[in-house]
Amino acid sequence: MKKALILAAAASMLMLSACAPNFKGEEEQEMVQKTNKSKEKAIIPKYNISDSYYKMVIPFKAGKARGLTTDRLNTRLDIDEFETGMMRLAQDSFSTKDYLFQEGQYLDEDTITNWLARKKTGNDLKKAEKKDKNFKNLGLNPPLSGSGSQEKQNEESPVYLAHMLEHDYLVRKDKDTIELGGVVIGLALNSVYYYRENVGDPQKEVNISDKKIKAEGEKIAQEVAKRIRNMDDLKNIPLTIVLYKQAPKSSIVPGNFIAKTDVKAGTSEITGWDNINEEYTFFPSTDGTTKHPDDAELFKRFKNKVETYFPNYTGVVGTALYKDDQMQEMKINIPMQFYGKSEVIAFTQFLTGEVMDYYGKSELNVEINITSSDGQEALILKKPGAKEPTVHIYDS
């Protein structure tokens, strides 16, 4: 297990030291968090990792629908991107300087589970009402079409909405009080709907077009906005809704956000959408070479340089985030065979120089993870415009 972290800044030479991360801090503040129903003690931490992250209120409150995300999304890649991407997009409406983050406290597990269900009709509705006198037909996904084989019904009426996630943003009301200042709702939509006609049957797939995903997502979002406004605590809170297209189960990159809308406080009507042109691309790959040939060639040269210097590796792979067809960040993973700490240091020194040679002049966030069978060995970070990267070598 890695027990300690050694941090260094490197230019032409790697310097190793036992410094702590450079947090930005101020005095810890004790506040009162006010809701319509209660007042609770809340603490605003003194440290903030960077302006790109929200401070989180202490004591930490788990989301009311905690745990549903891992059951509803296809891959860990989608789970991470859906949640962190929502925080990233929230900054357009709720700045990290003025707002604090808290996991969703208003949409609980039962509510979200009911909303993710299919709408029931006909005999299915009668059976549900007979089984539960208090049954509420709240499903946001379409009912199965009423005729034909199960395959035909699923083909005609796939499940569009895979998951919903709520994030809350708190704002200072006065010197000693914070309150809810905004809510972001993420709607994760299927690009592929998977189903089985009967238990034990082979899994079948229904591909959903981008046009259909967006149309259905916008329709669902309008209904979600109306329901949110029917909740007493959220009637007059600024609301942001984002649409996320999750990747197929076989994908080696996460899905991407496709649209965003802000709903003004006191209204439930969505008047328009801002399209989001983002995608993740894997390198090396045919898709990457076709869509981004220059970036693919640069990555290939970087990869070849690593191969020339250091033969004891199992592959160099990268995942790049593009916005409006321009690369914004690159994450590179390099697994190595571990033969000793000196070899890790030498390899990290070499890679640090290569990162600056290949990506130093770009306005990119670059992250390189060096791993072995024992876990993380080293981390290299290069921020946009930085003249020197930051390097972490993990002590064993």
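Presented here is an overview of the structure given in this document. Because the structure is a prediction, the values reported are computed rather than measured. (Residues numbered from 1 in each chain as written. Predicted model: local features only at pLDDT ≥ 70, side-chain atom pairs only at ≥ 80, totals over all residues. Heavy atoms only, no water.)

A short note on the environment of L180
Okay, step 1: With respect to the secondary-structure elements, L180 resides in strand β8 (residues 177-190).
Okay, step 2: For L180, a relative accessible area of 13% puts it in the buried group.
Okay, step 3: Between the alpha carbons of L180 and Y169 there is a distance of 6.0 Å; along the sequence they are eleven residues apart. (Helix = DSSP H or I, 4+ residues; strand = E, 2+ residues; numbered from the N terminus. Buried < 20%, exposed > 50% of the residue type's maximum accessible area, 1.4 Å probe, protein only.)

Remarks on the layout of surface pockets
Okay, step 1: Of the voids in this model, the second largest pocket is the one considered here, and its volume is about 510 Å³.
Okay, step 2: Looking at the second largest pocket, it is lined by 26 residues, and the ones nearest its centre are K245, N256, E278, E279 and K291.
Okay, step 3: Mapped onto the lining of the second largest pocket, the elements with two or more residues apiece are α6 (210-229), β11 (239-246), β12 (256-263), β14 (278-283) and α7 (286-291).
Okay, step 4: Looking at which element gives the most residues to the lining of the second largest pocket, the answer is β14, with five residues. (1 Å grid on protein atoms, 1.4 Å probe; cavity = no way out; pocket = protein on both sides within 12 Å on 5 of 7 lines; lining within 4 Å. Points joined across faces, edges and corners; volume = space filled by probe spheres on them.)

Quick notes on the pattern of salt bridges
Okay, step 1: Following the criterion strictly, the structure yields 17 salt bridges and no others.
Okay, step 2: Note that R88 is salt-bridged to E81, the shortest N-O span being 3.0 Å.
Okay, step 3: The class for R88 is partly exposed, based on a relative accessible area of 24%.
Okay, step 4: Judged by its relative accessible area of 8%, E81 is buried.
Okay, step 5: With its nearest N and O atoms 3.1 Å apart, the salt bridge here joins E279 to K291. (Salt bridge = Lys/Arg side-chain N within 4 Å of Asp/Glu carboxyl O.)

Describing empty space enclosed by the protein
Okay, step 1: Under the definition given, this model contains one cavity of 30 Å³ or more.
Okay, step 2: Its boundaries defined by the atoms lining it, the largest cavity holds a volume of some 30 Å³.
Okay, step 3: M56, V57, F60, K61, F101, Q102 and E103 together form the lining of the largest cavity.
Okay, step 4: Grouping the constituent residues of the lining of the largest cavity by class yields four nonpolar, one polar and two charged. (Nonpolar A, V, L, I, M, F, W, Y, C, P; charged D, E, K, R; others polar.)

Re a negative patch on the surface
Okay, step 1: A cluster of like negative charges, contributed by D71, D108, E109 and D110, occupies part of the molecular surface.
Okay, step 2: Secondary-structure assignment places E109 in helix α3 (residues 109-116). (Patch = residues over 30% accessible without salt bridge, like charges linked within 9 Å, V, L, I, M, F, W, Y side chains within 5 Å. Areas by Shrake-Rupley, 256 points an atom, 1.4 Å probe, with all protein chains shown as cover. Lys, Arg positive; Asp, Glu negative; His and termini not counted. Charge placed at Lys NZ, Arg CZ, Asp CG, Glu CD.)

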